[in-house]
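A structural walkthrough
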Amino acid sequence: MTSTPSSSLDYPQRTLDRAKRAVRCAPFRFKLYASMMTHSVSLPTITGTTGLQQQYTQRPLTELIAESELLWLIQVGLLRREVDGQGLTDSFRLTPLGRQLVNQWQTAGGANLQPNLSDRFYNAVSRWLRVPF
């Protein structure tokens, strides 16, 4: 018995809004998410000047900051950590929710990743309280 994977899942609008807000508030550029569509991206590739040269980040990020931001995107449901035979790795990939958003943005010709004050406020409250706004 085989099943065909759905091209897009139906997520509640609240989930989509929270995910889009988290992406806008993250210090990453669209190119990082687009790269994660085809392959996993390791943490060292995202941090420091390498992340800046790869156009994955807006500014050089320390490993601690980058990992914290990536872990938040995991909690929101956009990313997952890669696993190998030994366990978790330092690489990240998109989830089906993340793929759906990146596909939408690519179809639209790009994404507006500039957060407004409301985005920053609700993202900060959501992260602090772990409340899914």
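Residues numbered from 1 in each chain as written. Predicted model: local features only at pLDDT ≥ 70, side-chain atom pairs only at ≥ 80, totals over all residues. Heavy atoms only, no water.

**A word on the confidence of the model for the protein chain**
- Residue-level pLDDT values for the protein chain average 88, and 92% of them are 70 or greater.
- Segment residues 1–6 is flagged for pLDDT under 50; beyond a separation of four residues in sequence, or across chains, it makes zero contacts in the model. (pLDDT = per-residue confidence, 0-100. Contact = heavy atoms within 4.5 Å.)

**What about the packing of helix α2 (residues 30–38) against helix α6 (residues 96–107)?**
- Orientation of α2 relative to α6, taken along the N-to-C sense of each, is 115 degrees, at an axis distance of 10 Å. In the crossing of α2 with α6, the sense of the turn from one axis to the other is left-handed. Between α2, through Phe30, Tyr33, Ala34, Met36 and Met37, and α6, the contact on the second element is made entirely by Arg99, Val102, Asn103, Trp105 and Gln106. (Axes fitted to C-alpha atoms, helices over the stretch in contact; angles between N-to-C directions. Helix = DSSP H or I, 4+ residues; strand = E, 2+ residues; numbered from the N terminus. Left-handed = near helix turned anticlockwise from the far one by under 90°.)

**Section: the packing of aromatic side chains**
- Scanning the model with the defined rule gives two aromatic pairs in all.
- When the ring of Phe30 is compared with that of Trp105, the centres are 6.3 Å apart and the planes differ by 70 degrees; the resulting orientation is edge-to-face. Placement of Phe30 in helix α2 and of Trp105 in helix α6 is noted, with a sequence separation of 75 residues between them.
- Phe30 gets classed as partly exposed once you look at its relative accessible area, which sits at 21%.
- Residues Phe121 and Tyr122 carry aromatic rings whose centres are separated by 5.3 Å and whose planes lie at 75 degrees to one another, so their mutual orientation is edge-to-face. (Phe/Tyr/Trp six-rings, centres within 6.5 Å; stacked < 30°, edge-to-face > 60°. Buried < 20%, exposed > 50% of the residue type's maximum accessible area, 1.4 Å probe, protein only.)

**Side note on the pattern of salt bridges**
- Under the criterion given, the structure shown has four salt bridges.
- When the shortest N-O distance is used, the salt bridge between Glu67 and Arg81 registers 2.8 Å. In this pair, Glu67 sits in helix α5 (residues 63–76) while Arg81 sits in strand β2 (residues 79–84), placing the two residues 14 residues apart along the sequence.
- Arg80 is the partner of Glu82 in a salt bridge, and the nearest nitrogen-oxygen pair spans 2.9 Å.
- With relative accessibility at 37%, the residue Arg80 sits in the partly exposed group. (Salt bridge = Lys/Arg side-chain N within 4 Å of Asp/Glu carboxyl O.)

**Considering the packing of helix α1 (residues 13–25) against helix α7 (residues 117–129)**
- Viewed as axis vectors pointing N to C, α1 and α7 meet at an angle of 105 degrees, and their least axial separation amounts to 9 Å. The angle between the axes of α1 and α7 places the two elements in the roughly perpendicular class. Contacts between α1 and α7 involve Arg18, Arg21, Ala22, Arg24 and Cys25 from the former and Asp119, Arg120, Tyr122, Asn123 and Ser126 from the latter.
- A per-class count over the contact of α1 with α7 returns three nonpolar, two polar and five charged. (Parallel < 35°, antiparallel > 145°, perpendicular 65-115°, else oblique. Nonpolar A, V, L, I, M, F, W, Y, C, P; charged D, E, K, R; others polar.)

**Examining the sheet that holds β2**
- Taken in spatial order, the three strands of this open sheet run β1-β3-β2, and their pairing is antiparallel. The open sheet has two free edges, formed respectively by β1 (41–42) and β2, since each of these has just one partner strand.
- Direction of pairing for β1 relative to strand β3 (residues 87–94): antiparallel, over a ladder of two bridges. Looking at the pairing, Val41 lines up with Phe92 of β3.
- α2 contacts β1, β2 and β3 of the sheet and is inclined by roughly 110 degrees relative to β3. (Pairing = 2+ DSSP bridges.)

**Focus on the pairing of β2**
- For β2 and β3, the ladder comprises five bridges, and the chain directions are antiparallel. For Leu79, the partnering residue across the bridge sits in β3 and is Leu94.
- Count of turn residues in the β2/β3 antiparallel hairpin: two residues.

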